[in-house]
Amino acid sequence: MSDAQVSLALLAGAALVVAVFAGWRAHRRTRRSDPDAVGWVDWTMVQMAALIALAIAGYAVLKA
């Protein structure tokens, strides 16, 4: 594996961790006891961005 592939693989791994974390936070947000206590982070958008980054980096690693 070249240095570029290793970097992309690390980016894909980090994106996966962020996507899982954001999914967990979004799940907790939907089940909160006080529905008016809205946070300032849109975890669904964070999860989607991380999944897109994961898909692009994963494709780049497999293609190279």
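That block above? That's the structure.
Calculation criteria
Throughout, residues of each chain are indexed from 1 in the direction in which the sequence is written. Owing to the predicted nature of the model, reporting of local features is limited to residues with pLDDT of at least 70; listing and counting of side-chain atom pairs is limited to 80 or more, with chain, interface and lining totals taken over all residues. Hydrogens and water molecules were not included; the side-chain quantities draw on all heavy atoms of the structure. Only DSSP runs of H or I reaching four residues or more are called helices, and only runs of E reaching two or more are called strands; each is numbered from the N terminus. By the criterion applied in these results, polar contacts are pairs of N or O atoms within 3.5 Å in which, for protein atoms, one can donate a hydrogen and the other can accept it, and in which residues neighboring in sequence qualify only through two side-chain atoms. Residue contacts are counted whenever heavy atoms from the two residues lie within 4.5 Å of one another. Lines fitted to C-alpha atoms define the axes, with helix axes restricted to the stretch in contact, and inter-axis angles between N-to-C directions lie between 0 and 180 degrees. Should an angle fall under 35 degrees it is taken as roughly parallel, and over 145 as roughly antiparallel, whereas 65 to 115 is taken as roughly perpendicular and any remaining angle as oblique. Note on convention: near helix rotated counterclockwise from far helix by under a right angle means a left-handed crossing. Clockwise means right-handed. Amino acid classes used here: Ala, Val, Leu, Ile, Met, Phe, Trp, Tyr, Cys and Pro are nonpolar; Asp, Glu, Lys and Arg are charged; the rest, including Gly, are polar.

**Looking at the environment of Val-6**
Now for step 1: Note that Val-6 resides in helix H1 (residues 3-30).
Now for step 2: Along the backbone, Val-6 and Val-61 are 55 residues apart, and their C-alpha atoms lie at a distance of 8.1 Å.

**Overview of the side chain of Gln-5**
Now for step 1: Locating Gln-5 in the fold gives a position in helix H1.
Now for step 2: In this structure the side chain of Gln-5 is engaged in a polar contact, spanning 3.2 Å, whose partner is the backbone nitrogen of Ser-2.
Now for step 3: Once residues within four sequence positions are removed from consideration, Gln-5 is found in contact with Val-61 and Ala-64.

**Considerations on the packing of H1 against helix H2 (residues 43-63)**
To characterise two packed helices, one gives the angle between the axes of the helices and the distance between these axes.
Now for step 1: One way to put it is that H1 packs onto H2 with a least axis distance of 8 Å and a crossing angle of 155 degrees. When the interaxial angle is binned, H1 and H2 end up roughly antiparallel. Regarding H1 and H2, the two cross each other, and that crossing is left-handed.
Now for step 2: When its residues are assigned to classes, the contact of H1 with H2 shows 20 nonpolar, five polar and two charged.

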